[in-house]
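# What the coordinates show
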Amino acid sequence: MNKSALHKISYGMYILTSKNEDKVNGQIVNSVLQLTSNPITIGVSVNQNNLTHEFIEKSKVFTISVLSEDAPMNLIGNFGFKSGRDTDKFEGIGCKTGDNNCPSVIDSVVACLELELINQTDMGSHTLFIGKIVNGDIMSDENPMTYEYYHNVKGGRSPKSAPHYIEADIKTKGDSKMNKHVCNVCGYVYNPEEGDEDAGIEPGTMFEDLPDGWICPTCGVSKDEFEKKE
Ligand SMILES: Cc1cc2nc3c(=O)[nH]c(=O)nc-3n(C[C@H](O)[C@H](O)[C@H](O)COP(=O)(O)O)c2cc1C
């Protein structure tokens, strides 16, 4: 099979949140799909090892926040490359509680969809959760971020736990004689020709000259986790 055919399927970028009693957790998903319009139902594919999966099974509620194009990479890194088992992902993050009594992210979000679980299908590695809409609202007029925009414009990657992960995902942008460095945790590539605008790093800054406190813009690990890419 030509696996490139799969890359022709379009997706969006979302933060899926759920709760377990007074605890809240969330993760990045791209696998969101409206299934029916009457009633409005939405499906999402979630890895069975994820803490968010455990929370949805327990509380039977979840909310999907649609990310805007200007969502910072460290927000995606926080929710997409870390597990709530190791960290409180909601520290310093703006959120609200919806009609389904489930907290959701409101920072860098264009719309929120509040759901109650009505069905689920075991897909082996993942579960397809199906929810019925109880409420939804527009939060901003910004453009929603597509999966393609995340990869092609923001230079983002996907972890192995994502349903659409592909090995070829980790590659550098452009050609350069300056050394690029790859993050061993998330696959982000530091390209000295581009620098890191969000962190105030000018284009032309060599990896070796980055300040010690510089962190991976995607997953937040330190410089020590990077290795040179020839
Ligand atoms: C771009 C992107 C897309 C992702 N899509 C999905 C997805 O659709 N389903 C899924 O289960 N995980 C997906 N992930 C991975 C989860 O966000 C990730 O495993 C997260 O750390 C799980 O967190 P948790 O254990 O706190 O629930 C994606 C990650 C990224 C960066």
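A brief look at the structure comes next.

Procedures and definitions
Residues numbered from 1 in each chain as written. Predicted model: local features only at pLDDT ≥ 70, side-chain atom pairs only at ≥ 80, totals over all residues. Heavy atoms only, no water. Pairing = 2+ DSSP bridges. Helix = DSSP H or I, 4+ residues; strand = E, 2+ residues; numbered from the N terminus. Buried < 20%, exposed > 50% of the residue type's maximum accessible area, 1.4 Å probe, protein only. Contact = heavy atoms within 4.5 Å. Near = heavy atom within 4 Å. Polar contact = N/O pair within 3.5 Å; in protein donor to acceptor, adjacent residues only side chain to side chain. Areas by Shrake-Rupley, 256 points an atom, 1.4 Å probe, with all protein chains shown as cover. Phe/Tyr/Trp six-rings, centres within 6.5 Å; stacked < 30°, edge-to-face > 60°. Lys NZ or Arg CZ within 6 Å of the ring centre and 35° of its normal. Salt bridge = Lys/Arg side-chain N within 4 Å of Asp/Glu carboxyl O.

Hydrogen bonding along the main chain pairs the strands of a sheet, whether they run parallel or antiparallel. The sheet built from three strands is open, its strands ordered 11-10-12 with antiparallel pairing. In the strand order of this sheet, the two ends are held by strand 11 (189-190) and strand 12 (226-229), each with one partner. By the bridge criterion, four bridges tie strand 10 (residues 180-183) to strand 12 in an arrangement that is antiparallel. Bridging across to strand 12, valine 182 finds its partner in glutamate 227.

Turning our eyes to something else, we now look at helix 1 (residues 51-59). Since the α-helix turns once every 3.6 residues, residues separated by three or four places project in the same direction. Regarding helix 1, the residues found buried are Leu51, Thr52, His53, Phe55 and Ile56. Those residues of helix 1 hidden inside the fold are in contact with strand 1 (14-20), strand 2 (23-29), strand 4 (40-47), strand 5 (61-67), strand 8 (109-122) and strand 9 (126-138). Positive backbone phi, at 60°, marks lysine 60, one or two positions downstream of helix 1.

This part takes up the environment of phenylalanine 79. Following the sequence through the fold, phenylalanine 79 ends up in helix 2 (residues 73-80). On the basis of relative accessibility, which here comes to 1%, the residue phenylalanine 79 falls in the buried class. Between the C-alpha atom of phenylalanine 79 and that of glutamine 27, which follows or precedes it by 52 residues, the distance is 4.6 Å. Excluding anything up to four places from it in sequence, phenylalanine 79 contacts Ile15, Gly26, Gln27, Ile28, Lys89, Phe90, Ile93 and Val105.

This next bit is on the site of the ligand. Taken together, 29 residues lie around the ligand, and Ser31, Asn47, Thr52, Lys82 and Gly84 are the ones closest in. One of the side-chain nitrogen or oxygen atoms of serine 161 is found 2.8 Å away from an oxygen atom of the ligand. Computed on the free molecule, the ligand has an accessible area of 660 Å², of which 97% lies beneath the protein chains in the complex. Looking at the shell around the ligand, the elements with two or more residues in it are strand 2, strand 4, helix 1, helix 2 and helix 3 (147-152). Tallying contributions element by element places strand 2 first for the shell around the ligand, with four residues.

As a further point, take the packing of aromatic side chains. Remark: the centre distance and the inter-plane angle together describe each pair of aromatic rings, the angle taken between the planes. Enumeration over the complete set of coordinates arrives at eight aromatic pairs. Aromatic pair tyrosine 188 and phenylalanine 226: ring centres 6.4 Å apart, planes at 80°, arrangement edge-to-face. Residue tyrosine 188 is found in the loop between strand 10 and strand 11, and its partner phenylalanine 226 is found in strand 12; the two are separated by 38 residues along the sequence. Judged on exposure class, the residue tyrosine 188 and its partner phenylalanine 226 are both buried. Taking 6.3 Å as the distance between ring centres and 85° as the angle between the ring planes, the aromatic pair formed by phenylalanine 207 and tryptophan 214 counts as edge-to-face. You'll find phenylalanine 207 and tryptophan 214 in the same group, each marked buried. Linked through ring pairs, Tyr188, Tyr190, Phe207, Trp214 and Phe226 together constitute an aromatic cluster. Over the face of the ring belonging to phenylalanine 207 we find lysine 223, whose NZ or CZ atom lies 5.3 Å from the ring centre.

Let us now look at the environment of methionine 145. By secondary structure assignment, the location of methionine 145 is in the loop between strand 9 and helix 3. The exposure class of methionine 145 is buried, given its relative accessible area of 1%. Linking methionine 145 and threonine 36, residues 109 residues apart in sequence, is a C-alpha distance of 23 Å. If we ignore the near neighbours within four places in the chain, the residues touching methionine 145 are Gly12, Met13, Leu67, Ser68, Glu69, Ala71, Ile76, Tyr150 and Lys154.

Considering all chains together, one arrives at three salt bridges under this definition. The residue lysine 58 makes a salt bridge to glutamate 54 at a minimum N-O spacing of 3.3 Å. In this pair, lysine 58 and glutamate 54 both sit in helix 1, four residues apart, roughly one turn of the helix. Of the charged contacts, one joins glutamate 54 and arginine 85 as a salt bridge, the two residues approaching to 3.1 Å between their closest N and O atoms. With glutamate 54 in helix 1 and arginine 85 in the loop between helix 2 and strand 6 (95-97), the pair connects residues that are 31 residues apart, well separated along the chain. A relative accessible area of 29% means that glutamate 54 is categorised as partly exposed. Here the salt bridges do not stand alone but share partners, grouping Glu54, Lys58 and Arg85 into one network.

Bringing the side chain of glutamate 114 into the picture now. Residue position: glutamate 114 is located in strand 8. At a separation of 3.0 Å, a polar atom in the side chain of glutamate 114 contacts the side chain of lysine 96.

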